[in-house]
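Examination of the molecular architecture
Listed below are the residues making up each chain.
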Amino acid sequence: MPHAAGGPLRHRRPMHDSASFKRYNNALRLEKEGNYVMALHEYVAAIEVDPSNRDAYLNLGSLYSRMNRLGEAMDCYSKALELGDDYLVHFNMGGILYKRGEYKQAVLTLEKSRRLNGSFPLTLLVMGLAFSRLRNHNAASACFERVLELDAGNRIALTALAIIELDRDDYERSLRLIDRILTDDSTNGGARKLRADVLYRMNRLDESASEIKSLRNEEGQYRSYDEFIRTIPLEIFTDRYGTIEEKIAALGEKTASGDRDSLLGLSLCYLLTGDSDRAIDLLFEAKKNILN
């Protein structure tokens, strides 16, 4: 399971057998240089010289995991466990089980890591994700809450909790959690999109529309409005013929009465002419009329 540094957690303690120590250090150097194939061979050689070389098993398991050779990684971690128990080995094994989609087994393995070290946030984070996959949102929520006690700014835990609270219809708490992310990272597109969704559900439509328009103008951040509006059937138009400009003029008269279909149709017309901001305003105006 990847962590903040980009790979499974590993040990780098000194070794006692000189030949194994040399092969192990050479493997570390090769791995740092990006030569994973030769590093792999050196870790294997270090183990052949000294079968009790636990750290070589751990680093070899980490390397296999990053190469997506998960079965071989699990074998290495199992060998490491035979030579000594610690929370990092169980964490890495739990991470592999999670990647395999074996979520129940992942929880059981990660629980062993948690019992050995209850203050390691990554174990609790992956446990929360596994519980989420099992649709046990109460257990997932408890894990994420504990992660935030240990690491208040953890964005994965904040985002996951925000989505759980959104599903529970606790929009106020969901919004507070999202705003905690944006306090440290105001340009986080995923959090801003989620914020727009929460505001929409709270019927704070003007704020939601403003957020969506802002996101639309930032490359690659938000296109769901365009995708949604293009699904509106052509039958929404009273007249299928004529230019877009003529349709805008005709629909503009009808929208004065607040007719929802006319507002949606006019929104689509403005989108097709390239005025996305006006299109978004009209879409939210239609939503307001439904609420009223």
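Summarised in this report is the structure supplied together with it. Here the structure is a predicted model, which means the values were calculated and not measured.

Things to note about the overall build of the protein
- In terms of regular secondary structure, the protein is built from 16 helices and zero strands.
- Taking all 292 residues of the protein together, 47% fall into the buried category.
- Partitioning the intrachain contacts of the protein with sequence separation of at least 6 by distance along the chain shows that 48% fall at a separation of at least 24.
- Accessible surface, the protein as shown: approximately 15,000 Å² in total, 49% of it carbon and sulfur.

Examining unusual backbone geometry
- Its identity is not glycine, yet Asn 68 carries a phi of approximately 65 degrees, on the positive side.
- Here Asn 68 lies in the loop between α3 (54-66) and α4 (70-83).
- Residue Asn 68 is classed as exposed on the basis of its relative accessible area of 55%.
- Even without a glycine there, the phi angle at Asp 169 is positive, about 70 degrees.
- Looking at the element boundaries, Asp 169 is found in the loop between α9 (155-167) and α10 (171-184).

Quick look at helix α5 (residues 87-100)
- Taking 1.5 Å as the rise per residue, α5 with 14 residues should run 20 Å; its terminal C-alpha atoms sit 20 Å apart, in good agreement.
- Summarising burial for α5: 11 of the 14 residues are buried, a large majority.
- Taken residue by residue, α5 has Leu 88, Val 89, His 90, Phe 91, Asn 92, Met 93, Gly 94, Gly 95, Ile 96, Leu 97 and Tyr 98 as its buried positions.
- Along its buried surface, α5 packs onto α3, α4, α6 (103-116) and α7 (121-133).
- Positive backbone phi, at 85 degrees, marks Gly 101, one or two positions downstream of α5.

Here we look at the pattern of salt bridges
- Inspection of every chain in the model, using the stated rule, returns 18 salt bridges.
- Across the pair Arg 23 and Glu 42 runs a salt bridge, and its minimum N-O distance is 2.8 Å. Of this pair, Arg 23 sits in helix α1 (residues 18-32) while Glu 42 is found in helix α2 (residues 36-49), placing the two residues 19 residues apart along the sequence.
- The exposure class assigned to Arg 23 is partly exposed, which follows from its relative accessible area of 33%.
- Notably, a salt bridge pairs Glu 165 with Arg 168, separated by 3.5 Å at the nearest N-O pair.
- Look at Arg 168 and you get partly exposed, because its relative accessible area is 39%.
- Connected through salt bridges with shared partners, the residues Glu 145, Glu 165, Arg 168 and Arg 173 form a single ionic network.

What to know about the side chain of Ser 174
- With respect to the element layout, Ser 174 can be found in helix α10.
- For Ser 174, a relative accessible area of 0% puts it in the buried group.
- The contact partners of Ser 174, leaving out residues within four places of it in the chain, are Ala 162, Glu 165, Leu 166 and Val 198.

Let's talk about the packing of helix α8 (residues 137-150) against α9
- Direction vectors running N to C along α8 and α9 enclose 145 degrees, while the axes themselves pass 9 Å from each other. Like other packed secondary-structure pairs, α8 and α9 cross with a definite hand, here left-handed. The segment α8 lies against α9, with His 137, Ala 140, Ser 141, Phe 144, Glu 145, Val 147 and Leu 148 engaging Ala 157, Leu 158, Ala 160, Leu 161 and Ile 164.
- Taken together, the residues of the contact of α8 with α9 break down into nine nonpolar, two polar and one charged.

Scoring rules and cut-offs
- Residues numbered from 1 in each chain as written.
- Predicted model: local features only at pLDDT ≥ 70, side-chain atom pairs only at ≥ 80, totals over all residues.
- Heavy atoms only, no water.
- Helix = DSSP H or I, 4+ residues; strand = E, 2+ residues; numbered from the N terminus.
- Buried < 20%, exposed > 50% of the residue type's maximum accessible area, 1.4 Å probe, protein only.
- Contact = heavy atoms within 4.5 Å.
- Areas by Shrake-Rupley, 256 points an atom, 1.4 Å probe, with all protein chains shown as cover.
- Expected span 1.5 Å × (residues − 1).
- Salt bridge = Lys/Arg side-chain N within 4 Å of Asp/Glu carboxyl O.
- Axes fitted to C-alpha atoms, helices over the stretch in contact; angles between N-to-C directions.
- Left-handed = near helix turned anticlockwise from the far one by under 90°.
- Nonpolar A, V, L, I, M, F, W, Y, C, P; charged D, E, K, R; others polar.

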